[in-house]
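An overview of the molecular structure
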Amino acid sequence: MRRVISTLIVLVLALVMTTSLMATGGSEMAEGEITLDFPTFWVGQDSKSGPIASLLETFNAMHEGEIRVLIEPNPSTDGYRDKLNTQLASGRAPDLFVFAPDPTTFQYYETDILMDFTDDLAGSWGDVFSGGQIAGATRNGRTKSVPYEVSIIPIWYNSDLFDQAGIDSFPVDLAEFQVAATALKDAGIVPTSQMTGGSNAWTSMLWFSHAAASLGGPGVWDLPLSDPIFTQAAEVLRSMYLDGNTTRDAVGGDAGVSGGHYMAGDTAMFINGPWYIGRIRGDAPEVHAATMLASIPQVGEYSGHQLGGPLSNLGAANTTSAARRDAVVTWMQFMTEPANVRMMSESSGALFGIKYELGADADPLQQEFVRVASEASFLVDHFASAYTVDVVAEFGQALAEMALGEFTPQEFIQALIDKDNE
Amino acid sequence: MQAVAAQRLTFAGGTARVGKWIVLIFFFIFTFLPLIWLLISSFKTNLELQTNAFGLPAIWQFQNYVNAVQISSLPRLFLNSVIVSVCSTFLTLAVTSMAAFVFAREKFPLQQPLLNLILAGVLVPIIGLMAPYFRLVNSLGLYDSLVALILTYTGINLPISTFLMHGFMKTIPAELEEAAEIDGASFVQRFTKVVFPLSRVGLVTAGTFVFLFSWNEFIYALLLTSRTASRTLQLGIRFFVSQFFTDYTSMFAAIVLTIIPSIAVYVFLHEKIIKGLTSGALKG
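Presented here is a report on the structure given in the accompanying data block.

What follows is about the overall build of chain B. Looking only at helices and strands, one finds 13 helices and 0 strands in chain B. Relative to the 2.2 N^0.38 estimate, which gives 19 Å for 284 residues, the radius of gyration of chain B is 25 Å and therefore markedly larger than a compact globule would have. Each of the three principal axes of chain B carries a C-alpha extent, and together these read 85 × 75 × 30 Å. Per-residue burial over chain B gives 39% buried out of 284 residues. Excluding contacts between residues fewer than 6 apart, the proportion of contacts in chain B whose partners are at least 24 apart in sequence is 72%. Carbon and sulfur atoms make up 74% of the accessible area of chain B, which amounts to about 15700 Å² in all. Separation of charge centres in chain B, based on 18 positive and 11 negative side chains, amounts to 6 Å.

Printed below as a string of structure tokens:
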């Protein structure tokens, strides 16, 4: 037995040494070739993994012997952000990376570890970006990340189910919404998909954000949570959980529950971004074909708005090498070329802050997204983008209490205020 | 009278047997139902899983298993997980058994403060050590290697493992070592011939803890590696979780595939494992 154990230990150690050497050996490089590592979560099952791999292959072929970009696959978006924040905090930014345009990551603009693209974007390259995109990626006059993916998050509704309930058009205000909800319930259809689970109660958080924006306008997140409009928005959200307006498993349910009910044709209304198009097209083609987009029925003074904003920018490590800097800028320009962005957009369903037009054969639902984005009276971020992770996590907890009748809308908002004050 | 007593005893015995079976069946269901659910779910589509979580699949989706192997490079990651978990367990036990022996059986200046200092590591959340470990591993040139993970997991587990081993070694009677000393045993021999063999239960406890930690750990595996050649199973399983979509059924298939070898090893070797653990238990 001892001999067996000893042999096993020796074998394992030998394997470790061999494997470690293989892992750190790197890949063969041509002399003078600049290699750029690109850790990204656009891999695996992500809808952008295929187009990114395709763009990478084209780029590497175009610059063979000069520049090579290597993807470092990082599963899990949250894990990627933890890793990236650790790398940035350690002063070792990756050559290229996906920059989350949130308050935490923007703090690194104050350091010199990020490459500054301000001068590059001031030239003709800057013209490819949609209006306001560069300004959104600029802090104190410096643009240290390149605008890329954007989000538009409208209300989705199943027009077949609306027809079935005898509803001609999407409700424009709360009174019409109540009538439509009653008609849907009479036809045996649950009006909305909701959820209190997940890290941010995503679907319900978006309903709340839409309602708050209708009450507070473009500057809604500049208002303190104690402003009465948030209690009113909470009241709207609470009504979604009452009288059979959502499914019974919404309390505690996660994104799989809310999306699953919509795709199964159980619910008539849902909220999500364009990244969900590929999923619904594959899993529920009939619902995909029947889906239309709208803005939330008017709750307050404002109407016709959409939730949206920057979702992912592209960042790079600062360098003193002019050749490496040129290589990085070449890659960034390639990634933001309208033709490449269009291919990426049409393949993945994602939308980008770059001027491009979808082809006529692009997914009709994706074209709907472009339409609602262009028709929006204004764009505003959602609640989860405006508050810290702790407050966002509290949102789902407090919402479950409100849905179960334990909290009033005032108490729901107070729970968020308390968490924000901690 | 005797017949009545015998009848009562038989009834009591029967009730006890029924009670025993009820408890056993309850725990059997409690243990196996989630595994059976996992297995069945791994053959569903994601829509079926979300809309009919406890039903059977309409069409059994063997493609999920193809996805599991193709997308996540499971065989390679499984081997890496075995190597990392086994090596970090052996290394941790080797270091902490020696450390615990000295702290438990010897007397030297600053013994208690030093022990407290090591054990205080239990209270430090590992997420707080990410930046120091990242810098250290980079400085040593070990980034993106299995050795980085083995050393990191060993370092993280030193406090808890020392705590467990120290507590166990304190319970071994000092007379055994004194007898060995009279027979001429050296300091090293007291450890290797007396205390270490008698610490088998403590070693298994600490070893199990370290192994499970190393097997399930995700965030350091992601932080300290970049290529499939040096990554572990937990990262492979997460390849089915993307920013806005989780392919649960393929992920379940991947989990089933990773469980099978462990079950197979246990089924074929459990007698030997138990025999190995219990042999020598009566020594001394």
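Now for the pattern of salt bridges. Residues and elements named next belong to chain B. One pass over the full model with this rule turns up 19 salt bridges over all chains. A salt bridge links Arg-105 to Glu-177, with the nearest nitrogen and oxygen atoms 2.4 Å apart. With Arg-105 in helix H4 (residues 74-105) and Glu-177 in helix H8 (residues 174-182), the pair connects residues that are 72 residues apart, well separated along the chain. Comparing Arg-105 with Glu-177 shows no difference in burial state: the two are buried. Look at the salt bridges and you will find they share partners, linking Arg-105, Glu-106, Glu-177, Glu-181 and Arg-190 into a network.

What follows covers the nonpolar core. Within the largest apolar cluster, 128 residues are counted, with the highest numbers of intra-cluster contacts made by A:Phe208 and A:Phe383. Per-element tally for this core: the top contributor is helix H9 (residues 202-216) of chain A, with 9 residues. Split by domain, the residues of this core number at least three in each of domain 1 (32-152 + 309-352) and domain 2 (153-305 + 382-421) of chain A. Ignoring any residue separated from it by four or fewer positions in sequence, one finds A:Phe208 in contact with A:Trp221, A:Phe230, A:Ala233, A:Ala234, A:Leu237, A:Phe383, A:Phe395, A:Phe412 and A:Ile413. The next biggest cluster of nonpolar side chains, apart from the first, holds 22 residues, and it includes B:Val84, B:Tyr143, B:Ile156 and B:Leu224.

The subject of this paragraph is unusual backbone geometry. If you check the backbone angles, A:Ala201 has positive phi at about 50° while not being a glycine. Considering the arrangement of structural elements, one finds A:Ala201 in the loop between strand E8 (190-192) and H9. With a phi angle near 60°, B:Leu110 is a residue other than glycine that sits in the positive phi range. Position of B:Leu110 relative to the elements: it lies in the loop between H4 and helix H5 (111-119).

Take the interface of chain B and chain A next. Taken together, the contacts link 45 residues of chain B with 45 residues of chain A. Across the interface of chain B and chain A, roughly 3800 Å² is buried in total on both sides, 65% from carbon and sulfur atoms. In this structure, the salt-bridge partner of A:Asp37 is B:Arg227, at a minimum N-O distance of 3.2 Å. At the junction of chain B with chain A, the criterion picks out 5 residue pairs in polar contact (both at pLDDT 80 or more). At the level of secondary structure, the elements contributing two or more residues to the side of chain B that touches chain A comprise helix H2 (46-51), H4, helix H6 (130-139), helix H7 (146-169), helix H11 (219-224), helix H12 (233-238) and helix H13 (248-278) of chain B.

What counts as what
- Position labels on residues start from 1 in each chain and follow its written sequence.
- The lettering of chains begins at A and the numbering of ligands begins at 1, in the order of writing.
- Totals for whole chains, interfaces and linings use all residues, but because this is a predicted model, local features are given only for residues with pLDDT of at least 70 and pairs of side-chain atoms are given and counted only at 80 or more.
- Only hydrogens and water are removed before side-chain values are computed, so all heavy atoms of the structure are retained for them.
- The secondary structure listing takes helices from DSSP runs of H or I that are at least 4 residues long and strands from runs of E that are at least 2 residues long, numbered from the N terminus.
- Radius of gyration means the value over C-alpha atoms here, while the globule rule gives 2.2 Å times the residue count to the 0.38 power.
- Three labels apply to residues, based on accessible area from a 1.4 Å probe with only protein chains included: buried if under 20% of the type maximum, exposed if over 50%, partly exposed otherwise in between.
- By definition, residues are in contact when any of their heavy atoms lie within 4.5 Å.
- Here the accessible surface of atoms and residues is derived via Shrake-Rupley with a 1.4 Å probe, and residues count as covered only by protein chains that are part of the display.
- Under the counting rule used here, the positive set is Lys and Arg, the negative set is Asp and Glu, and His together with the chain ends is not counted.
- In plain terms, the charge of a residue is placed at NZ if it is Lys, CZ if Arg, CG if Asp and CD if Glu.
- Think of a salt bridge as a Lys or Arg side-chain nitrogen and an Asp or Glu carboxyl oxygen that are within 4 Å of each other.
- Here, the term nonpolar core denotes a set of buried Ala, Val, Leu, Ile, Met, Phe, Trp, Tyr and Cys residues that are joined through side-chain atoms within 4.5 Å.
- Where each domain begins and ends follows an automated or database-derived domain assignment.
- Two parts placed together each lose some accessible area under a 1.4 Å probe, and the buried area is that loss summed for both.
- Under the rule applied, a polar contact is a pair of N or O atoms within 3.5 Å (in protein, one hydrogen donor and one hydrogen acceptor; residues adjacent in sequence only if both atoms are side-chain atoms).

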